[in-house]
Amino acid sequence: DPAGDTISYLEPSVPSGGQLDVDANAGCIGPLSRTPVENIFWPTGQSPSGDFVISVNIFLRCRSSQAPIPFTLSVLIRGEEIEFNGVLSDEVPELRFSFSTSS
């Protein structure tokens, strides 16, 4: 978030009100989804204004495959959706995306 706090499996909420409410395949526990979803949100009207950075990374591979992992990242800001796409791999295990919001 703009304050520099990070929401993740290890830190599911931050002081600005952001929360992780869905993290499919977290910790590779339970039945694994082949189309996992993660969702982070702020309650309507309560997200901070400023610069955000979203990091998509291979935290842990739950299957033995080393295949590249395509993903779509959707960001909903005041009813408008921004979409980012990418592919993670052992060679590129993390990608970062930035966006800004204003009051």
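Calculation criteria
- Residues numbered from 1 in each chain as written.
- Predicted model: local features only at pLDDT ≥ 70, side-chain atom pairs only at ≥ 80, totals over all residues.
- Heavy atoms only, no water.
- Helix = DSSP H or I, 4+ residues; strand = E, 2+ residues; numbered from the N terminus.
- Buried < 20%, exposed > 50% of the residue type's maximum accessible area, 1.4 Å probe, protein only.
- Polar contact = N/O pair within 3.5 Å; in protein donor to acceptor, adjacent residues only side chain to side chain.
- Contact = heavy atoms within 4.5 Å.
- Patch = residues over 30% accessible without salt bridge, like charges linked within 9 Å, V, L, I, M, F, W, Y side chains within 5 Å.
- Areas by Shrake-Rupley, 256 points an atom, 1.4 Å probe, with all protein chains shown as cover.
- Salt bridge = Lys/Arg side-chain N within 4 Å of Asp/Glu carboxyl O.
- Pairing = 2+ DSSP bridges.
- Core = buried A, V, L, I, M, F, W, Y, C linked by side-chain atoms within 4.5 Å.

**A closer look at the side chain of Thr101**
Point 1. Structurally, the position occupied by Thr101 is in strand E6 (residues 94-101).
Point 2. Judged by relative accessible area, Thr101 falls into the buried class, the value being 14%.
Point 3. One polar contact links the side chain of Thr101 to the main-chain carbonyl oxygen of Pro48, over a distance of 3.3 Å.
Point 4. Those residues in contact with Thr101, other than ones at most four positions away along the chain, are Pro48, Ser49, Gly50, Phe52, Ile77 and Arg78.

**Considerations on unusual backbone geometry**
Point 1. Its identity is not glycine, yet Cys28 carries a phi of approximately 55 degrees, on the positive side.
Point 2. One can find Cys28 in the loop between strand E1 (19-23) and strand E2 (38-41).
Point 3. Overall, the relative accessible area of 27% leaves Cys28 in the partly exposed class.
Point 4. Although it is not a glycine, Arg78 sits at a positive phi angle of roughly 50 degrees.
Point 5. Mapped onto the elements of the fold, Arg78 is located in the loop between strand E4 (69-77) and strand E5 (80-88).
Point 6. By relative accessible area, Arg78 is classed as exposed at 56%.

**Re a nonpolar patch on the surface**
Point 1. Nonpolar side chains collect at one region of the surface, where Tyr9, Leu10, Ile29, Phe59 and Leu60 lie side by side and expose about 610 Å² of accessible area between them.
Point 2. Along the chain, Leu10 falls in the segment before E1.

**What about the pairing of E4?**
Point 1. As paired strands, E4 and E5 are joined by nine bridges and run antiparallel to one another. By the bridge assignment, Pro70 is partnered in E5 with Val87.
Point 2. The hairpin formed by E4 and E5 contains two residues between the paired strands, and Arg78 there has a positive phi angle of roughly 50 degrees.

**A few points about the nonpolar core**
Point 1. Counting 14 residues, the largest nonpolar core has Val56, Phe71, Leu73, Val75 and Phe97 as its most contacted members.
Point 2. Counting residues per element, the ones that place at least two in this core are strand E3 (50-57), E4, E5 and E6.
Point 3. The element that contributes the greatest number of residues to this core is E4, accounting for four residues.
Point 4. In contact with Val75, other than residues within four places in its own chain, are Ile54, Glu80, Glu81, Ile82, Phe84 and Phe99.

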